[in-house]
Structures are given as C-alpha cells and as structure tokens.
Amino acid sequence: MKLAISGKGGVGKTTIASTLVRIFAEDHPRVFAIDADPDACLAQGVGIERQVAQEHRPVIELKEIIDAKNAGGGAFFTLNPDVDEILEEYCLKKDNINFLRMGGLKKGGEACYCKENSFLNSVVNSLLLDRNDVVILDMGAGIEHLSRGTARGVDAMLVVVEPSLNSVGTALQVKKMSEDLGINRVYFIGNKVRTEKEKEFLSSKLPQDLLLGIIPYDDEAVDTAMEDGVAISPQGIIYKTLKEIKKRLEEEVGNRDI
Ligand SMILES: Nc1ncnc2c1ncn2[C@@H]1O[C@H](COP(=O)(O)OP(=O)(O)OP(=O)(O)O)[C@@H](O)[C@H]1O
C-alpha cells in the first residue's frame, strides 16, 4: 500500500506519518518511509536521532549516481531492478523500516526541488514492491507540492486536518488537487482535537465517510517534539487511534493495487 500524508503546515503530518510507519511495520515485512518534505524529519519520529537522520545520504545524491551511470538522463527517468538495489543501500534502516529523504533545506534563492521531486516520483512509482510492502510519503505543507505530482502513484492521500476553517479549507483543496492528479482515494484524519465542539466542527465540515478518525490533542506529542530520538509511545492515545485508522485503511484500500 502506498500512502501520502498531506495537510496545512503544522497540523501533525510528520507525527502521524512516522507513527503510521511504525504501526505498519508491526505486521508488514518492509516499510519505506519517505521525507518528501525538505523541512520534515520522519526518522526522528521512530526514535532515530535527528543528526543521524539528517546526515544520511539524501536521494538527490543517489539521483546523481544514477545519472552518471545512465550517462546523463533527463528530468524524468525510470528505475530498474539494479537501481532498486542501490536504492536499498541508500535507505537509512531501522529494523524493517527504510528511510529515504529528499535532501536538506536549500538556502534562500537556491534552485527549486524539481529534480528531487521528479526522482521521488520515480521512486514511488518504481519501487519493486512485494505484496506486503508499504510506502508512506510525508508531503510538504499546503497544496504547492501537489502541483509537482510527486504523489501521483499513491493508492491513497491522507489529509490531516485540525479544527480550524483554514485547515479544513486547505484539506478540501488538497482533495480536489489529488483527484485532479488521478488519486481517487482521499481520506481525512482529524488531529489535535480538544473538545466535543471541535469534534463536531470537523464532522460537520468534512464528508463523514471519508473521515477515518479523530486524534485527540495529547501533551505526549508536545513533549516528544522537545526531545531528540524519542517516539510516540504505543500506549498513548495517538498511537492507539492511528492503529484503528490503519485497520480502516486496510479495509478500504487493502492491498489491491500493489
Ligand atoms: N495530537 C496532537 N496533540 C498535540 N500536539 C500535536 C499532536 N499532533 C502533533 N502535535 C504537535 O504539533 C506540532 C507540529 O507537528 P508536526 O511536525 O507533526 O506537523 P507537520 O504538519 O508535519 O508540520 P510541518 O507542516 O511544519 O511539516 C509538533 O509540535 C507536534 O508535536
């Protein structure tokens, strides 16, 4: 199953993506966790120290190696089994979880991320997946990344929404743009919900059948964000709610498309 996690800035995309990665890794032999957001650090969410994750080779270096092997190569290219092997080597591994990151943040005024995104797009579409493999992409904030088409090959787009009109507005735009890209399954996950009123707000603004679940506001996430190499605990409410969401995803999306 290939999933992309999207939503407005700061809604909890990385927290949710990294926790889902760990939950899927409980019963899938291989999970690929991909930082498609240059600003995110997915690996940190599974307990890998930030510096270790950030010093790991970014995919753009791998792209350069592949380009050299292919004697150049255009903006778009396909991956073959040899490349899939190299790709494995480029992953930062923790047990059965494989991390790939796009690359560090560029300085102001430096070139765009087009090459990196084109490469990630090829990765998502060409990873030689076994039936039980899972790919989870943590996308950049907002809708801009959708215009680059990085997530085109995913089975479902999960849009994280917090209880505010702005967040709902972005989420509905993400849905529309995902559908334009040909991603037919777009679901919503409510996050940081503190009160019954906030829960009702999200339920009233989003299509009920597409709202996979609502994650309460939990101080554990706030504490985790202040510490390095600490992940959300399996005993906490965030992990437990996401376990239920994963079950629902398997029912709705299943392994049909891989
Ligand atoms: N359920 C929650 N309860 C409380 N705080 C949360 C919850 N989920 C996430 N957070 C906190 O919200 C902040 C933003 O979370 P996170 O980095 O996961 O969001 P993001 O959408 O990936 O952000 P960005 O758009 O900057 O990449 C973090 O401090 C995180 O700990």
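Residues numbered from 1 in each chain as written. Predicted model: local features only at pLDDT ≥ 70, side-chain atom pairs only at ≥ 80, totals over all residues. Heavy atoms only, no water.

For the chain, an unreviewed UniProt entry supplies the name CO dehydrogenase maturation factor and the organism Carboxydocella sporoproducens DSM 16521.

Another point: the packing of aromatic side chains. Per the counting criterion, the structure on display carries zero aromatic pairs. Looking at Arg 194, its charged tip hangs above the ring of Tyr 217, at a distance of 3.8 Å from the centre. In this structure, Lys 246 is placed above the aromatic ring of Phe 24, and the distance from its NZ or CZ to the ring centre is 5.5 Å. (Phe/Tyr/Trp six-rings, centres within 6.5 Å; stacked < 30°, edge-to-face > 60°. Lys NZ or Arg CZ within 6 Å of the ring centre and 35° of its normal.)

Spatial ordering of the open sheet is given by S3-S4-S2-S5-S1-S6-S7-S8, a layout of eight strands whose pairing is mixed. On the outer flanks of this sheet lie strand S3 (92-94) and strand S8 (211-216), each paired with one strand and no other. Neighbouring strand axes in the sheet, compared pairwise and without regard to direction, differ in orientation by 20° on average. With five bridges connecting them, strand S2 (residues 31-35) and strand S4 (residues 97-101) associate as parallel partners. The residue bridging Asp 35 from the neighbouring strand is Arg 101, located in S4. Against the sheet, helix H1 (residues 13-27) engages strand S1 (2-7), S2, S4, strand S5 (134-138), strand S6 (156-161), strand S7 (186-193) and S8, with an angle of about 170° to S5. Across the sheet, helix H9 (residues 237-252) touches S1, S6, S7 and S8, and the angle it forms with S8 is around 175°. (Pairing = 2+ DSSP bridges. Helix = DSSP H or I, 4+ residues; strand = E, 2+ residues; numbered from the N terminus. Axes fitted to C-alpha atoms, helices over the stretch in contact; angles between N-to-C directions. Contact = heavy atoms within 4.5 Å.)

One finds Phe 24, Phe 99, Ile 136, Met 157, Leu 158 and Leu 249 to be the most contacted residues of the largest nonpolar core, which totals 66 residues. With residues up to four places along the chain from it excluded, the contact list for Met 157 reads Ala 4, Ser 6, Leu 146, Ala 151, Val 174, Ser 178, Ile 183, Arg 185, Val 186 and Tyr 187. (Core = buried A, V, L, I, M, F, W, Y, C linked by side-chain atoms within 4.5 Å. Buried < 20%, exposed > 50% of the residue type's maximum accessible area, 1.4 Å probe, protein only.)

A surface patch of nonpolar side chains, about 280 Å² in accessible area, is lined by Tyr 217, Val 222 and Met 226. Mapped onto the fold, Tyr 217 is located in the loop between S8 and helix H8 (219-225). Judged by its relative accessible area of 30%, Tyr 217 is partly exposed. (Patch = residues over 30% accessible without salt bridge, like charges linked within 9 Å, V, L, I, M, F, W, Y side chains within 5 Å. Areas by Shrake-Rupley, 256 points an atom, 1.4 Å probe, with all protein chains shown as cover. Salt bridge = Lys/Arg side-chain N within 4 Å of Asp/Glu carboxyl O.)

Of all residues adjacent to the ligand, which total 19 residues, the nearest are Lys 13, Thr 14, Thr 15, Asn 191 and Ala 221. In the environment of the ligand, an oxygen atom lies 2.9 Å from a nitrogen or oxygen atom belonging to the backbone of Gly 10. Between the ligand and Lys 13, the relevant distance is 2.7 Å, taken from an oxygen atom to a side-chain nitrogen or oxygen of the residue. Bound to the protein, the ligand loses 79% of the 630 Å² it would expose on its own. (Near = heavy atom within 4 Å. Polar contact = N/O pair within 3.5 Å; in protein donor to acceptor, adjacent residues only side chain to side chain.)

Counted under the stated rule, the structure contains nine salt bridges. In this structure, the salt-bridge partner of Lys 246 is Glu 250, at a minimum N-O distance of 3.5 Å. Placement of both Lys 246 and Glu 250 in helix H9 is noted, with a separation of four residues, approximately one turn of the helix. On the basis of relative accessibility, which here comes to 7%, the residue Lys 246 falls in the buried class.

A few words now on H9. In this model H9 runs 23 Å from its N-terminal to its C-terminal C-alpha over 16 residues, within 8% of the 22 Å that 1.5 Å per residue would give. Looking at H9, one finds that the buried residues are Ile 238, Tyr 239, Thr 241, Leu 242, Ile 245, Lys 246 and Leu 249. Down the axis of H9, the buried side of the element spans an arc of 160°, and every buried residue falls inside it. Against the buried residues of H9 lie S1, H1, S6, S7, S8 and H8. Looking at the residues trailing H9, positive phi occurs at Gly 254, about 60°. (Expected span 1.5 Å × (residues − 1). Arc of directions from axis to C-beta.)

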